[in-house]
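Notes for the structure review
Spelled out from the first residue to the last, the chains are:
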Amino acid sequence: DQQVKQNSPSLSVQEGRISILNCDYTNSMFDYFLWYKKYPAEGPTFLISISSIKDKNEDGRFTVFLNKSAKHLSLHIVPSQPGDSAVYFCAASNFNTNAGKSTFGDGTTLTVKP
Amino acid sequence: DAGVTQSPTHLIKTRGQHVTLRCSPISGHKSVSWYQQVLGQGPQFIFQYYEKEERGRGNFPDRFSARQFPNYSSELNVNALLLGDSALYLCASSSDIPYGYTFGSGTRLTVV
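Bear in mind the structure is a predicted one, so any value in this text is a computation, not a measurement. For every chain, the first residue of its written sequence is number 1, and the numbers climb from 1 along that sequence. Chain labels run from A onward and ligand labels from 1 onward, assigned in the order the entries are written. In view of the model being predicted, local features appear only for residues whose pLDDT reaches at least 70, and side-chain atom pairs are presented and counted only at 80 or more, with totals across whole chains, interfaces and linings using the full set of residues. Derived side-chain values reflect all non-hydrogen atoms in the structure, with water molecules and hydrogen atoms excluded from consideration.

**Structural notes on the overall build of chain A**
The helix and strand labels rest on DSSP assignments: H or I over at least four residues marks a helix, E over at least two residues marks a strand, and numbering proceeds from the N terminus. Per the secondary structure count, chain A includes one helix and eleven strands. Radius of gyration here is computed from C-alpha atoms only, and the compact-globule reference equals 2.2 Å multiplied by the residue count raised to the power 0.38. Taking 2.2 N^0.38 as the reference for a compact globule, 114 residues should give roughly 13 Å; the C-alpha atoms of chain A span a radius of gyration of 13 Å, in line with that estimate. Across its three principal directions, the C-alpha atoms of chain A cover 45 × 30 × 20 Å. Per-residue burial over chain A gives 46% buried out of 114 residues. Intrachain contacts of chain A at a sequence separation of at least 6 include 55% that bridge at least 24 residues. What sets the accessible areas is the Shrake-Rupley method with a 1.4 Å probe; for residues, cover comes only from the shown protein chains. As presented, chain A carries roughly 5500 Å² of accessible surface, and 49% of it is formed by carbon and sulfur atoms. None of His or the chain ends enter the tally, which takes Lys and Arg as positive and Asp and Glu as negative. Charge placement uses NZ in Lys and CZ in Arg. For Asp and Glu, CG and CD serve respectively. Each charge sign in chain A was given a centre, from 11 positive and 10 negative side chains, and these centres are 2 Å apart. Burial classes follow relative accessibility: with a 1.4 Å probe on protein chains only, a residue under 20% of its type's maximum area counts as buried, one over 50% as exposed, and anything between as partly exposed. Contacts are assigned to residue pairs that have any heavy atoms within 4.5 Å of one another.

Rendered as structure tokens:
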């Protein structure tokens, strides 16, 4: 039973446009969510996070939206750049019980075309 | 500053053998987590250590064990290797629970 799902294995967008990556979760105990980016032959790199007490968090070109009622979060990248091409992982954890344990989705491969 | 370093980077073992993977966290980071990433899937949590104590364990058999040393480096041990243990093993460190972790580049383990 996969608790964090990224239903789109891949996404292709044009440079300069918006990239929207989606993530759904089933465990209502999750209250802290993170996005990581992974290039080939490297470990995941932390991008942005959001606590369940918020519904939006911005950091430069990256914005994460959280809809708790729908158990859904999304990562918006505006504007998209070719260097953003990578695998993006959504991860979730429970801050109070075991925040060091993150449950990851299977990733979405983003390709940004020049 | 050096990032999270893992050794070795690649490893080939035979079924039934034992393997030890090593991780050095970022200086000052006291929390270390281990993840297994099978091709095409996201990382799966194995262990977390904080201040040398186990703080969490994922759904892995007892063949998997780990420890953290006084200098906060860590080892992941896997006994009686199976073909299904072939994966990328990632180590991640953080200055404190529970913020975003910094991952190493991983150890690619192939069991033949």
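Having seen it, we continue.
**A look at the environment of leucine 21 of chain B**
Residue and element names in this part refer to chain B. Note on placement: leucine 21 falls in strand S3 (residues 19–24). Judged by relative accessible area, which is 1%, leucine 21 ranks as buried. Taking the C-alpha atoms as reference points, leucine 21 and asparagine 77, separated by 56 residues in sequence, lie 6.4 Å from one another. With residues near it in sequence (within four places) discarded, leucine 21 still touches Ser7, Pro8, Leu11, Trp34, Ser74, Glu75, Leu76, Tyr89 and Thr107.

The quantities given are spatial measurements derived from coordinates; they are silent on function.
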